[in-house]
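Summary of structural features
Each chain, written out:
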Amino acid sequence: MKIYTSIKELQSDVLDLRSREISIGFVPTMGALHKGHLSLLQRSKDENDISLCSIFVNPIQFNNKQDLEKYPRTLEEDCRKLEQAGCDIVFAPSVDEMYPEEVKMQYDFGHLDKVMEGKHRPGHFNGMAVVVKKLFDICIPHRAYFGEKDFQQLMIVRELVKMNKIPVTVIGCAIIREDDGLAMSSRNTRLSPHERSIATEIYKTLLWMRHQAEQRTVEEILQQARQKLASHPEIKIEYIEIVDEETLLPVSDWNSSGNIRLLIALFLGEVRLIDNMRIR
Ligand code: AMP
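Residues numbered from 1 in each chain as written. Predicted model: local features only at pLDDT ≥ 70, side-chain atom pairs only at ≥ 80, totals over all residues. Heavy atoms only, no water.

Moving on to the overall build of the protein. Scanning the protein from N- to C-terminus turns up 10 helices and nine strands. Relative to the globule expectation of 19 Å for 280 residues, the C-alpha radius of gyration of the protein, 19 Å, shows essentially globular dimensions. Overall, the protein is about 55 × 40 × 40 Å in size when its C-alpha atoms are taken along their principal axes. Within the protein, contacts between residues separated by at least 24 positions form 72% of all contacts whose residues are at least 6 apart in sequence. Averaging the positions of the 37 positive and the 42 negative side-chain charges in the protein gives two centres separated by 1 Å. (Helix = DSSP H or I, 4+ residues; strand = E, 2+ residues; numbered from the N terminus. Rg over C-alpha atoms; globule rule 2.2 N^0.38 Å. Contact = heavy atoms within 4.5 Å. Lys, Arg positive; Asp, Glu negative; His and termini not counted. Charge placed at Lys NZ, Arg CZ, Asp CG, Glu CD.)

What follows is about the state of the cysteines. Counted by the stated rule, this structure contains zero disulfides. Free of any disulfide, Cys139 has its nearest cysteine sulfur in Cys53, 9.9 Å distant. Classification of Cys139 as buried rests on a relative accessible area of 0%. (Disulfide = S-S within 2.5 Å. Buried < 20%, exposed > 50% of the residue type's maximum accessible area, 1.4 Å probe, protein only.)

Around the ligand there are 17 residues in total, and Met30, Gly147, Asp150, Ile176 and Met184 lie nearest to it. The separation between an oxygen atom of the ligand and a polar main-chain atom of Gly147 is 2.9 Å. In isolation the ligand has 480 Å² of accessible area, and contact with the protein removes 93% of it. Contributions of two or more residues to the shell around the ligand are made by strand S2 (24-29), helix H2 (35-47) and strand S5 (143-147). In terms of residues, the shell around the ligand owes the most to one element, H2, which gives three residues. Looking at the shell around the ligand residue by residue, the classes come out as nine nonpolar, six polar and two charged. (Near = heavy atom within 4 Å. Polar contact = N/O pair within 3.5 Å; in protein donor to acceptor, adjacent residues only side chain to side chain. Areas by Shrake-Rupley, 256 points an atom, 1.4 Å probe, with all protein chains shown as cover. Nonpolar A, V, L, I, M, F, W, Y, C, P; charged D, E, K, R; others polar.)

With that settled, consider the side chain of Glu195. With respect to the secondary-structure elements, Glu195 resides in helix H9 (residues 193-212). A polar side-chain atom of Glu195 sits 2.9 Å from the main-chain amide nitrogen of Ser192.

For the rest of this paragraph, the subject is the packing of aromatic side chains. Applying the stated criterion across every chain, the model contains five aromatic pairs. Their ring planes at 80 degrees and their centres at 5.5 Å tell us that Phe62 and Tyr71 sit as a pair that is edge-to-face. Every member of this aromatic cluster is reached through a ring pair, and the members are Phe26, Phe136 and Phe146. (Phe/Tyr/Trp six-rings, centres within 6.5 Å; stacked < 30°, edge-to-face > 60°.)

Attention now goes to the domain arrangement of the protein. Reports of interface size often rely on the accessible area that becomes lost once the parts have come together. Along its sequence, the protein is organised into domain 1 (2-173) and domain 2 (186-278). Inter-centroid distance (C-alpha atoms) of domain 1 to domain 2 is 26 Å. Contact with domain 1, which involves 23 residues of that partner, is made by 20 residues of domain 2. With both sides pooled, the region where domain 1 packs onto domain 2 buries about 2000 Å², and carbon together with sulfur makes up 54% of that total. Its largest share of buried area at the contact with domain 2, domain 1 owes to Met116, His120 and Phe151, together 31% of the area lost on that side. Our enumeration of links across domain 1 and domain 2 arrives at five salt bridges. Residue Asp67 pairs with Arg187 through a salt bridge whose shortest N-O separation is 2.9 Å. (Domains from an automatic or database assignment. Buried area = accessible area lost by both parts, 1.4 Å probe. Salt bridge = Lys/Arg side-chain N within 4 Å of Asp/Glu carboxyl O.)

It is worth spelling out the pattern of salt bridges at this point. The final tally for this structure, using the stated rule, is 21 salt bridges. Residues Glu201 and Lys204 are paired through a salt bridge, measuring 3.7 Å at the closest nitrogen-oxygen approach. Of the two residues, Glu201 and Lys204 both sit in helix H9, three residues apart, roughly one turn of that helix. Owing to a relative accessible area of 46%, Lys204 belongs among the partly exposed residues under this scheme.

Time to look at the pairing of strand S3 (residues 50-55). A large share of S3 lies buried, amounting to six of its six residues. Where burial is concerned, the two faces of S3 agree: the one with Ile50, Leu52 and Ser54 and the one with Ser51, Cys53 and Ile55 are both buried. Sheet topology places S2 next to S3; six bridges connect them, and they run parallel. The residue of S3 that forms the bridge with Val27 is Cys53. (Pairing = 2+ DSSP bridges.)

This is how it looks when you write it as structure tokens:
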């Protein structure tokens, strides 16, 4: 496994691979890798000749300074995991390498980046789009793998690719969960044992919502889901939404959309967690 920190060196090798018609699968991450990340890598390995994984904690997508400071950084261990999992190339640049100058680019994704995460984390999706576009320019992958764990991000990346006519196929991958249903996340390591035991309520609530759907109104389900989660004093809900998967706009009844998704964001103590589930 080759590890690069220089854009120039990686790009020259990537161009060489492409000139030899070797297909490149790309998995962008912020490190602190878990089985969710590795499932994306596995999919890339199944579908490409070479798999490239980036590890970069992107400062411009953090709207909360404390979250950025506390974000786990485990580069050596990540590289060990990637090597074991059969990754071919790791790209782990410094912040100066990625952003030698101030970033001025401002994207507009219409309402896609104004709702849910966009509303609660101002600037987050712009920072994410800037880094993903830059990483695509550097790595020039044939296919790129993103988790449905960050469902809104996946939709915005698809839009970014469409807007900029980037010749890459974006592939969405299923959410990988712990045995008790908690969606795997690098932030889970920051939960106290007590918070960790409560965290499973997010998954349980999503399951309950899916199970109850169509037996009650959308509004009733939202209200009761809020009540369920709010009964734990450690939980501070940011949003619970029932939306159309394409537009990400709230649905008012179960028949108003073909593909409906449930999304939850909340603070458990100081840790912000998100999760989602397709209803049909
Ligand atoms: P992150 O390192 O959090 O930026 O995540 C890198 C990629 O891994 C993103 O495309 C995430 O959606 C994806 N990912 C994170 N957690 C999971 C999970 N539990 N299951 C599947 N994909 C995930």
